[in-house]
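# Reading the structure
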Amino acid sequence: TAFSVGFYGQFTSLTGYICPISKNDTPAGVDNKEYRLELASGKPYFDLTDNSASAKIGRYYNTAISTYTNTLLEGTYTGSGASTGIHVKVNAVTVDDSDDTGGSYVAMEDKNAPSSIGVFSPTDKNELMPADSFWSVVWVTGSKALTDAESNQMLQLCKRLAGE
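Note that the coordinates shown come from a computational prediction; the quantities given were computed from them, not determined experimentally.

### Some points on the overall build of the chain
Along its length, the chain carries 1 helix and 11 strands. Shown N-terminal to C-terminal, the secondary structure of the chain runs as helices and strands in the order β-β-β-β-β-β-β-β-β-β-β-α. Within the chain, residue pairs in contact and separated by at least 24 positions form 66% of the contacts whose partners lie at least 6 positions apart. Put simply, the chain shows about 7,300 Å² of open surface, and 49% of that area lies on carbon and sulfur atoms.

### Observations regarding the environment of L72
Residue placement: L72 occurs in strand 6 (residues 71–77). Since its relative accessible area comes to 0%, L72 is described here as buried. Each C-alpha atom of the pair L72 and N152 lies 9.5 Å from the other, and the pair is 80 residues apart in sequence. The residues contacting L72, other than those within four sequence positions of it, are F7, Y8, K89, V90, N91, A92, W139, S151, L155 and C158.

### So, the nonpolar core
With 22 residues, the main nonpolar core has F11, F46, L48, L73 and Y77 as its most contacted residues. Going through the elements one at a time, strand 1 (3–10), strand 2 (17–25), strand 3 (32–40), strand 4 (43–50), strand 5 (55–60), strand 6 and strand 7 (86–90) are the ones with two or more residues in this core. Core analysis: the next-biggest nonpolar cluster, separate from the first, contains 9 residues, L72, A92, M154 and L155 among them.

### Quick word on the side chain of E74
Residue position: E74 is located in strand 6. No salt bridge is formed by the buried E74; its nearest oppositely charged neighbour, K89, is found at 5.1 Å. For E74, the side chain forms a polar contact with the side chain of S151, separated by 3.0 Å.

### Thoughts on the packing of aromatic side chains
A full pass over the atoms with the stated rule returns 6 aromatic pairs. Judged by centre distance (6.4 Å) and plane angle (55 degrees), the rings of Y35 and F46 are tilted. You can see Y35 sitting in strand 3 and its partner F46 sitting in strand 4, a full 11 residues away along the chain. The same class applies to Y35 as to F46, namely buried.

### So, the environment of K159
Here K159 shows up in helix 1 (residues 148–161). Taking the C-alpha atoms as reference, K159 lies 9.4 Å from L72; in sequence the two are 87 residues apart. Beyond its immediate stretch of four places on either side in the chain, K159 contacts Y8 and E164.

### Brief notes about the environment of S52
On the secondary structure map, S52 appears in the loop between strand 4 and strand 5. Each C-alpha atom, one on S52 and one on A107, is 9.1 Å from the other, the two residues being 55 residues apart in sequence.

### What to know about the pairing of strand 6
With 7 of 7 residues buried, strand 6 is to be regarded as a mostly interior element. Note that strand 1 and strand 6 share 7 bridges and pair antiparallel. If you follow F3 over to strand 6, its bridge partner there is Y77. Bridge count for strand 6 against strand 7 is 5 bridges, and the pairing is antiparallel.

### Digging into the pairing of strand 7
Counting buried positions over the 5 residues of strand 7 gives 4, a clear majority of the element. Two elements, strand 7 and strand 8 (residues 93–94), share 2 bridges in a ladder whose sense is antiparallel. Pairing of K89 across the sheet is with T94, part of strand 8.

Conventions and cut-offs
Residues numbered from 1 in each chain as written. Predicted model: local features only at pLDDT ≥ 70, side-chain atom pairs only at ≥ 80, totals over all residues. Heavy atoms only, no water. Helix = DSSP H or I, 4+ residues; strand = E, 2+ residues; numbered from the N terminus. Contact = heavy atoms within 4.5 Å. Areas by Shrake-Rupley, 256 points an atom, 1.4 Å probe, with all protein chains shown as cover. Buried < 20%, exposed > 50% of the residue type's maximum accessible area, 1.4 Å probe, protein only. Core = buried A, V, L, I, M, F, W, Y, C linked by side-chain atoms within 4.5 Å. Lys, Arg positive; Asp, Glu negative; His and termini not counted. Salt bridge = Lys/Arg side-chain N within 4 Å of Asp/Glu carboxyl O. Polar contact = N/O pair within 3.5 Å; in protein donor to acceptor, adjacent residues only side chain to side chain. Phe/Tyr/Trp six-rings, centres within 6.5 Å; stacked < 30°, edge-to-face > 60°. Pairing = 2+ DSSP bridges.

In C-alpha cells, the structure reads:
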C-alpha cells in the first residue's frame, strides 16, 4: 500500500543516528519493523522492512542536511515492492540518490509495531532526537505517495504553522 511520512522541524546536532518517525519496535528477542525515516550522520534515509524475509528496501540522500534550519523531511512509497518506488524528499524536492536494500523484499507485514515520533524503538529508546531539537509537524498519509507538488503544499502549510 502506498503511503508517505513527513517531519518538519530542525536539528541541533546530526551526530550518529536520529529517527524522527518510525513504525518499529525491538523488544527482547523480537523485531517488529515496518518503516523508518531517519538520519545517519545527517543523511536522510527511508527504509521499509519485511521481517519474514529478513529483507528491506530503501533509498537515501548521500548528502547531510543542515543543522539549525527548519527542514521538511519526507519518505514516500508507491506500493511497488521495489526501491524505485521509494523516495526521500528534503523541502519538497525528491533528492534520493542511492539504494539501501537487502534480501528479497515482499511486503511490510508487522502490523503490531507501534508508530513512534523522535525514537527508532520505544522499547530500546535508541536513535533519539537530540534533546534541544524540535519538530512542528509530523504526519503519515495512508494510501498515497505524495507528489512533489503535494509535498510543496505540505511545506507551505508547515511554514505557516511554524509562524514562518
